[in-house]
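# Reading the structure
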Amino acid sequence: LAEDIESAQSSCHLLFYIFVEDEAGWRIGEALKSAASRGVSCRLLLDSVGSRPFLRSSYVASLREAGVEVVESLPANLVRMAFARVDLRNHRKIAVVDGCTGYTGSQNIAAAAFALKPEFAPWVDCMLRIRGPVVGDLQAIFVRDWFLETEEPLEGLLAERPEPRLGGVPVQILPTGPNNDNEALAQLALASFHGAREELILTTPYFVPGEAEVVSLCTAAKRGVSVHLVVPARNDSPLVQAVSRSHYERLIDAGVEVFEYQEGLLHAKTLTVDRDLALVTTANFDRRSFDLNFEVSTLVYDSDFASQLRLLQRDYVVRSSAVTLT
């Protein structure tokens, strides 16, 4: 990402839930400063809660002095609580460089050591780098979220879409949130579970399913689908971990194989279905992500890509311990 920003010619747009002032944040920040000095339009949109320490740091002032526009998304404070909901958060992770190269997935602008919670490190993430027409959809999401905070119209940035790439694959961007069809991601998950014929592999750091999701996973396993659920062995939220584990017995009794990742906090949010469909998302498998947060998910309809993602997921399984009932 830093290398793409360093070679940018026109614009760099970043939207992230968390930006940490560590070696990763410094690298991206310095790349943005350098790009701004060359006349590149650099815009950085950060969630008010997720990036609170960074937004109040002296480094933000240096970014603005260098010409980088830094905006706080969904400001949260005591005064605002009296007039607006502060539990609605922008949990998206998006970067678009020159309108033609996009990034999205689970990783915030933070090193794997994750200075905010180092006791759970390393944080293990999965990101996509995308070229082609669908980058225009990521740009559109950024433009809309930027306008929500600044009322600055950037429609001109949407006039041109990157051309399809030779040998490319079908990709779909699914934004969800309070101003989108925020039921779409939960519906997609249920449709995937019901439609699977051979295999489902789901990785998520926060597994807090509703009854429908539990039933659909159990039903898939009972009809012979190989269902794997991979979650971190140590979670930064003890309450979430307790809720996740409360579902283990029911899932395992139905034939779902549950694994706890042992080598850090598995933060990757991925799903593969029958090695045909791949999903990489910013959303956790919980009601907050499904119902409240602004999220973005990427579907890839390609067996080769799904197989590559499955290999990554299988590596997570290898680094995990199987959960058994005693």
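Each remark here, short or long, concerns the structure printed above.
Residues numbered from 1 in each chain as written. Predicted model: local features only at pLDDT ≥ 70, side-chain atom pairs only at ≥ 80, totals over all residues. Heavy atoms only, no water.

## Side note on the environment of R131
As for its position among the elements, R131 is in strand β7 (residues 127–131). The class for R131 is partly exposed, based on a relative accessible area of 35%. Considered as a pair, R131 and R165 are 34 residues apart in the sequence and their alpha carbons are 7.5 Å apart. Not counting residues up to four positions away in its chain, the partners in contact with R131 are C100, T101 and R165. Here the side chain of R131 touches C100 through a polar contact of 3.0 Å, landing on its backbone oxygen. (Helix = DSSP H or I, 4+ residues; strand = E, 2+ residues; numbered from the N terminus. Buried < 20%, exposed > 50% of the residue type's maximum accessible area, 1.4 Å probe, protein only. Contact = heavy atoms within 4.5 Å. Polar contact = N/O pair within 3.5 Å; in protein donor to acceptor, adjacent residues only side chain to side chain.)

## A look at the sheet that holds strand β5 (residues 101–105)
Strand order in the open sheet made by the six strands is β3-β2-β1-β4-β5-β7, with mixed pairing throughout. Each of the sheet's edge strands pairs with one partner strand only, and the pair in question is β3 (69–73) and β7. Neighbour to neighbour, the strand axes of the sheet diverge by 10° on average, direction disregarded. (Pairing = 2+ DSSP bridges. Axes fitted to C-alpha atoms, helices over the stretch in contact; angles between N-to-C directions.)

## Focus on the environment of A140
Tracing the sequence through the fold places A140 in helix α6 (residues 135–150). Look at A140 and you get partly exposed, because its relative accessible area is 30%. Spatially, the C-alpha atom of A140 lies 14 Å from that of R43, the residues being 97 residues apart in sequence.

## Quick notes on the packing of aromatic side chains
For the coordinates displayed, the defined rule picks out eight aromatic pairs. Between the aromatic rings of F19 and F54, the centroid separation amounts to 4.2 Å while the plane-to-plane angle is 25°, which identifies the pairing as stacked. Separated by 35 residues along the polypeptide, F19 in the loop between β1 (11–16) and α2 (23–37) and F54 in helix α3 (residues 52–55) bring together distant segments of the chain. Judged by its relative accessible area of 2%, F19 is buried. Owing to a relative accessible area of 2%, F54 belongs among the buried residues under this scheme. Seen from their ring centres, F207 and F285 are 5.5 Å apart, and the 20° between their planes marks the pair as stacked. Taken together, the residues F207 in strand β10 (residues 207–208) and F285 in strand β16 (residues 285–286) connect sequence positions 78 residues apart. Each member of the pair, F207 as well as F285, carries the same accessibility label: buried. (Phe/Tyr/Trp six-rings, centres within 6.5 Å; stacked < 30°, edge-to-face > 60°.)

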